[in-house]
Amino acid sequence: MVISVPSRAPGLLRSVLARAVPSSTPPSLRRLRVAVAVLFGLDGFVFGSWAARVPDVSAATGAGHTALGVALLCLSLGALACMQATGALCTRFGTGRVAALAGVAASLSAVLPGLAGTLPALCAGLFLFGAVTGAVNVAANSVGVQVEARAGRPLLSGLHAAFSGGGLVGALVGGLASSVMGVAPHLAGVAIVGLVAMAWAGPVLVRGDRPEPAADLRAPAAEGTRSARPTGVLVLLGAVAGATAYGEGALSDWGALHLREQLAAAPALAAAGYAGFSSAMAAGRLAGGRLVLALGERRLLVGGSLLAAAGALAAVTTTSLPVALAGFVLVGLGLANVFPLAIARAGALGGPSGVALSTTVGYTGLLGGPPVIGFLAEHAGLPAALGTVALMAVLAAVLVLGIEGEQVRRPPLPRRGWTQPVLFGRRPVAVVLRPVGVVLRPAAARAHVGACSYVRDLQLLELG
């Protein structure tokens, strides 16, 4: 099999991608799902390890709140700059190949913050670290959307649970490591673990790029609709995700510092704040599919956002360490399923480029939150700055309530047996697509015809 690579691609990138050729046998769905979960878990493990050592890196570089906010802004800029390019690379070369390379790069870049001894060096290291982290996020979500389509059921929340689980493990290990070793040796160990994980998961992801010999069951577009991706809807989905991702970024980078400075927590207990947040988010995402079917998406998203707001207020206004830790847990439970549901819809609407656009908007909150917290903390204090997490969670609830989603349908995917509740609906409504040529019962036929008009329905979305 010969891979044709454009001559204008950079030489090194062209060489690497050209060698990443899938084998003749694609991996089983189960094996591919495990490989994607490993990639999500690795991403969370690397980020959680970094989050647990933020106070130590800040002390080593002599960075105050404002200076640390500038450094974290560099991390955000690197991620946002790389996300759109990653979507284009996934479309051109395959999501599995790009995901495998991004996973390796993320593992290697984990050592950079630990090597920094000055603020400029920290800014440069975090920019590169953020760039590869952003690439992993887009590629992993793109592969996850494809796995959902193959499986015929919602799986992205569960895959994001692997990210949260990885963050939990990374935070716990980082908290323990903070008392026995320096930042550089710890993050070097994180890099080694990541490379070992990608040695198994990478080839599976690459082999998953091989197209299956299945007919394209994508329903024809409704008459009079545009073929372009619904950019406005993708941006709106990203805004809903970003309003809640703001809390995740704020707690990951500033939560441990808040517990140390305001509540005099020991390093291990300070790391337990993010660990509790990540474990609660992982549990909520594992139960995400059942919660959507039981409560409906609107109730789950609005109720979860308000629960997160209450938890954030409790964490920043209390003088009790147990109450603060419980508040972090409530934030994790409340925000667990907002981001995965929004990104899953974006991927179904626009493929990898849709994931890239909505992820870029969504991660503006995740990655832009920490530097904003830093600037606010310098002038109003860290508790007041972290209080904005509650405000952003309330904003997410308002955005969900303002979306008319009763008629929104999941776009048809080129796999059979797909069933997924409607995002932002007042009640869980499923659209079932079946292979072409199969006689449909009247009710299923009406659902199929309705699914063909999803673009027209989505164009009617507007803020109330």
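Keep in mind the model is a prediction, meaning the values are calculated, not measured.

1. Structural notes on the overall build of the protein
Argument step 1. Within the protein, the secondary structure is distributed over 19 helices and 2 strands.
Argument step 2. The buried share among the 464 residues of the protein stands at 57%.
Argument step 3. Taking the contacts inside the protein whose residues are at least 6 apart along the sequence as the reference set, 83% of them involve residues at least 24 apart.
Argument step 4. A total of about 18,100 Å² of accessible surface is found on the protein, and carbon and sulfur atoms cover 66% of it.

2. A closer look at the packing of helix H10 (residues 231-263) against helix H14 (residues 321-335)
Helix-helix packing: each pair is described by the crossing angle between the helix axes and the interaxial distance.
Argument step 1. Running from N to C, H10 and H14 point in directions that differ by 170°, and their axes come no closer than 11 Å. Of the possible angle classes, the one that applies to H10 and H14 is roughly antiparallel. Contacts between H10 and H14 involve Thr244, Gly247, Glu248, Leu251, Gly255, Leu259 and Leu263 from the former and Leu321, Ala324, Leu325, Phe328, Val331 and Leu335 from the latter.
Argument step 2. Class assignment of the residues belonging to the contact of H10 with H14 gives a composition of 9 nonpolar, 3 polar and 1 charged.

3. Quick word on unusual backbone geometry
Argument step 1. Phi is positive for Ala264, close to 55°, though the residue is something other than glycine.
Argument step 2. With respect to the element layout, Ala264 can be found in the loop between H10 and helix H11 (267-286).

4. Some thoughts on the confidence of the model for the protein
Argument step 1. When pLDDT is averaged along the protein, the result is 75; 77% of the residues meet or exceed 70.
Argument step 2. The weakest mean pLDDT in the protein belongs to strand E2 (residues 430-433) at 34; the strongest belongs to helix H9 (residues 183-207) at 93.
Argument step 3. Here residues 212-227 is modelled with pLDDT under 50, and outside its nearest four sequence neighbours on either side it reaches 23 contacts, counting other chains as well.
Argument step 4. For residues 405-464, every residue scores under 50 in pLDDT, and the model assigns this stretch 140 contacts once sequence neighbours within four places are set aside.

5. A word on the packing of helix H13 (residues 297-317) against helix H17 (residues 388-401)
Argument step 1. At a minimum axis distance of 8 Å, the contact between H13 and H17 shows a crossing angle of 165°. The angle between the axes of H13 and H17 places the two elements in the roughly antiparallel class. Crossing of H13 over H17 shows left-handed handedness. Of the residues in H17, those touching H13 at Arg298, Leu301, Val302, Ser305, Leu306, Ala308, Ala309, Ala312 and Leu313 are Val389, Ala390, Ala393, Val394, Ala396, Ala397, Val400 and Leu401.
Argument step 2. Split by residue class, the contact of H13 with H17 holds 15 nonpolar, 1 polar and 1 charged.

6. Some points on the environment of Leu39
Argument step 1. Mapped onto the fold, Leu39 is located in helix H2 (residues 29-52).
Argument step 2. In this structure the C-alpha to C-alpha distance between Leu39 and Gly202, which are 163 residues apart in sequence, comes to 8.6 Å.
Argument step 3. Sequence-distant contacts of Leu39, defined by excluding residues within four places in its chain, comprise Ala99, Gly103, Val136, Ala140, Met198 and Leu205.

7. With respect to the pattern of salt bridges
Argument step 1. Counting across every chain of the model gives 2 salt bridges.
Argument step 2. In this structure, Arg53 engages Asp56 in a salt bridge whose closest nitrogen and oxygen atoms are separated by 2.9 Å. Exposure class is identical for Arg53 and Asp56. Each is buried.
Argument step 3. Linked by salt bridges that have partners in common, Arg53, Asp56 and Arg260 make up one network.

8. What about the side chain of Ser109?
Argument step 1. Among the secondary structure elements, Ser109 is positioned in helix H5 (residues 95-109).
Argument step 2. Not counting the four nearest positions on each side in its chain, Ser109 is found in contact with Phe129 and Val132.

9. Considerations on a nonpolar patch on the surface
Argument step 1. Side chains of Val70, Leu73, Leu77, Phe127, Leu128 and Phe375 sit close together on the surface and give an oily, nonpolar patch of about 480 Å² of accessible area.
Argument step 2. At the level of elements, helix H4 (65-93) and helix H7 (119-151) are the ones that each hand at least two residues to the nonpolar patch.
Argument step 3. At 3 residues, H4 tops the list of elements feeding residues into the nonpolar patch.
Argument step 4. Tracing the sequence through the fold places Phe375 in helix H15 (residues 338-380).

10. Remarks on the nonpolar core
Argument step 1. Within the largest apolar cluster, 106 residues are counted, with the highest numbers of intra-cluster contacts made by Trp50 and Leu205.
Argument step 2. With 14 residues, H7 is the single largest residue contributor to this core.
Argument step 3. For Leu205, the contacting residues outside a window of four places in its chain are Leu32, Ala35, Val36, Leu39, Gly96, Ala99, Ala100, Val143 and Met198.
Argument step 4. In terms of nonpolar packing, the next biggest core, distinct from the first, is built from 10 residues, Val240, Val338, Ala397 and Leu399 among them.

Calculation criteria
Residues numbered from 1 in each chain as written. Predicted model: local features only at pLDDT ≥ 70, side-chain atom pairs only at ≥ 80, totals over all residues. Heavy atoms only, no water. Helix = DSSP H or I, 4+ residues; strand = E, 2+ residues; numbered from the N terminus. Buried < 20%, exposed > 50% of the residue type's maximum accessible area, 1.4 Å probe, protein only. Contact = heavy atoms within 4.5 Å. Areas by Shrake-Rupley, 256 points an atom, 1.4 Å probe, with all protein chains shown as cover. Axes fitted to C-alpha atoms, helices over the stretch in contact; angles between N-to-C directions. Parallel < 35°, antiparallel > 145°, perpendicular 65-115°, else oblique. Nonpolar A, V, L, I, M, F, W, Y, C, P; charged D, E, K, R; others polar. pLDDT = per-residue confidence, 0-100. Left-handed = near helix turned anticlockwise from the far one by under 90°. Salt bridge = Lys/Arg side-chain N within 4 Å of Asp/Glu carboxyl O. Patch = residues over 30% accessible without salt bridge, like charges linked within 9 Å, V, L, I, M, F, W, Y side chains within 5 Å. Core = buried A, V, L, I, M, F, W, Y, C linked by side-chain atoms within 4.5 Å.

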